[in-house]
Amino acid sequence: MSSTELPNLIAASVAPKPGAVGVAPGERIDSVTLSGLTLSVRSRPPVREGLPPALYVHGLGGSSQNWSALMPLLEDVVDCAAVDLPGFGDSPPPDDGNYSVTGHARAVIRYLDAREDGPVHLIANSLGGAVTTRVAAVRPDLVRTLTLISPALPELRVQRTALPTGLLAVPGVASLFTRLTKDWTAEQRVSGVMALCYGDPGRISPEGYSAAVREMERRLALPYMWDAMARSARGIVNAYTMGGQQGLWRQAERVLAPTLLIYGGRDLLVSYRMARKAAAAFRDSRLLTLPDAGHVAMMEYPDTVATAIRELLADTGELNASGQSSSGS
C-alpha cells in the first residue's frame, strides 16, 4: 500500500492495522492524508488519459472492496477510485470521532476538494447513498452524475428485517452483541451478512466468499470496528429524524446532478417500495428496479449495473457516439 500526502495538508495519526486488505488484480490502494483524517482509496489505472473521475462510496459495514466487481466494467469510461469511509475498510477512525452522515459527507468533500481534478461521477450504496446525497446537495460543483444503489434514505415504516441493524444505534447494544457473538466464527458472521445483503446468496463465488471471510477476520481484530459500526448506524438514525433543510429527502430535492436510482426487489435493508418516492424526489432521475437483487446490486449483478451507468453517461452527454467518455476522446 502506498501513502499519499496531498499538497498543503497535515498528516493524521494512523491506528495500527492488523493484516493486509485484499487487493484484486489491477487494483492499488493509497493512503491519503488530510488534516485529522486518513482515507484509504482503492483505484484502478485508467485505460487512457483524460477520463473523468468516478468515486465509489460503500455502505454501513462495507468497504471499497464492495466495488471490485463493478470498477473493471467501467474503467474504459471513468477513472475509478473507491474510498473507505473513516473507520471502515483500511481507513482508521477520524480524529474527531464524527461518524454522522454529515461527518462522512465532509470526509468525501474534503477528499474531492483535495484532488483538485473537477467534478466526479459519484456511485454509492446504502449509507454511502445518504452520504453522497448530502454531498450532491451542498456541493453541486463536485458532482457530474449521481448513482445510488439502495440508498439509505428515511423510511416511515422500516422493514422488520432491517431493525437489528438499526438497533446497533442504541447505546450499549453493540457491546452486548459483541459479548453474545464472541464465539461466532468469521465464516458464521459472513454467512449471516450475505444472507441479509444478497437477494440470492448462492450467487456468491467461492473466491468471493473466501475473500469476505479474510476481510471479516481482519476487521474483527481492529479495536474500533464495533464503535465505527454503532456510531455510523446512530448517524443514519439521526439523519432519518432530521427535518428542515438538513432532512435527506429535502436535500434529495436539491440535487442538480442527473441521478440513477437502483433498487432490489429482495432488499431486506432498504425497502423496494421507496423506489418510486426516490424517483419523484430527485429532479433529474431515472429508475432501475432489479426484482431478484438484494441490497448490494453492484456485487450481485455488476454487468447490469454497469450497463445502466453507461446509459446514464450516454444520456447526459458524458459518452460520445462511440461509447467512449467524451472528455477522454
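To keep things clear, this report deals only with the structure shown in the data block. Fair warning: this is a prediction, and the values are worked out from it, not measured in the lab.

**Description of the packing of aromatic side chains**
- Applying the stated criterion across every chain yields a total of 1 aromatic pair.
- Aromatic side chains Tyr-56 and Trp-67 sit 5.3 Å apart centroid to centroid with 50° between the ring planes, which places their arrangement in the tilted category. Highlighted residues: Tyr-56 in strand β4 (residues 53–57) and Trp-67 in the loop between β4 and α1 (71–74), separated in sequence by 11 residues.
- Judged by its relative accessible area of 0%, Trp-67 falls in the buried class.

**What about the side chain of Gln-251?**
- Positionally, Gln-251 belongs in helix α9 (residues 248–254).
- Dropping the residues within four chain positions of it, Gln-251 is found in contact with Thr-133, Arg-134, Ala-137, Val-138, Gln-245 and Gln-246.

**Overview of the environment of Leu-220**
- Examined against the element boundaries, Leu-220 turns out to sit in helix α7 (residues 206–220).
- Its relative accessible area of 32% is what places Leu-220 among the partly exposed residues.
- Residues Leu-220 and Ala-186 lie 34 residues apart in sequence; the distance between their C-alpha atoms is 8.4 Å.
- With sequence-adjacent residues up to four places away left out, Leu-220 is seen in contact with Arg-189 and Met-225.

So, how was this worked out
Chains are numbered independently. Their residues run from 1 in the order of the written sequence. The model is predicted, so local features are restricted to residues of pLDDT at least 70 and side-chain atom pairs to those at 80 or more, both for listing and for counting; the totals for chains, interfaces and linings are taken over all residues. Neither water nor hydrogens contribute to the side-chain values; these are computed over all heavy atoms in the structure. Think of it this way: a Phe, Tyr or Trp ring, Trp meaning its six-membered ring, pairs with another when their centres are within 6.5 Å, and the plane angle makes it stacked under 30 degrees, edge-to-face over 60, tilted otherwise. Helical segments are the DSSP runs of H or I of at least four residues, strand segments are the runs of E of at least two, and each set is numbered from the N terminus. Throughout this description, buried means an accessible area under 20% of the type-specific maximum (1.4 Å probe, protein chains only), exposed means over 50%, and partly exposed covers the range between. In what follows, residue pairs with any heavy atoms lying within 4.5 Å of each other are defined as contacts.

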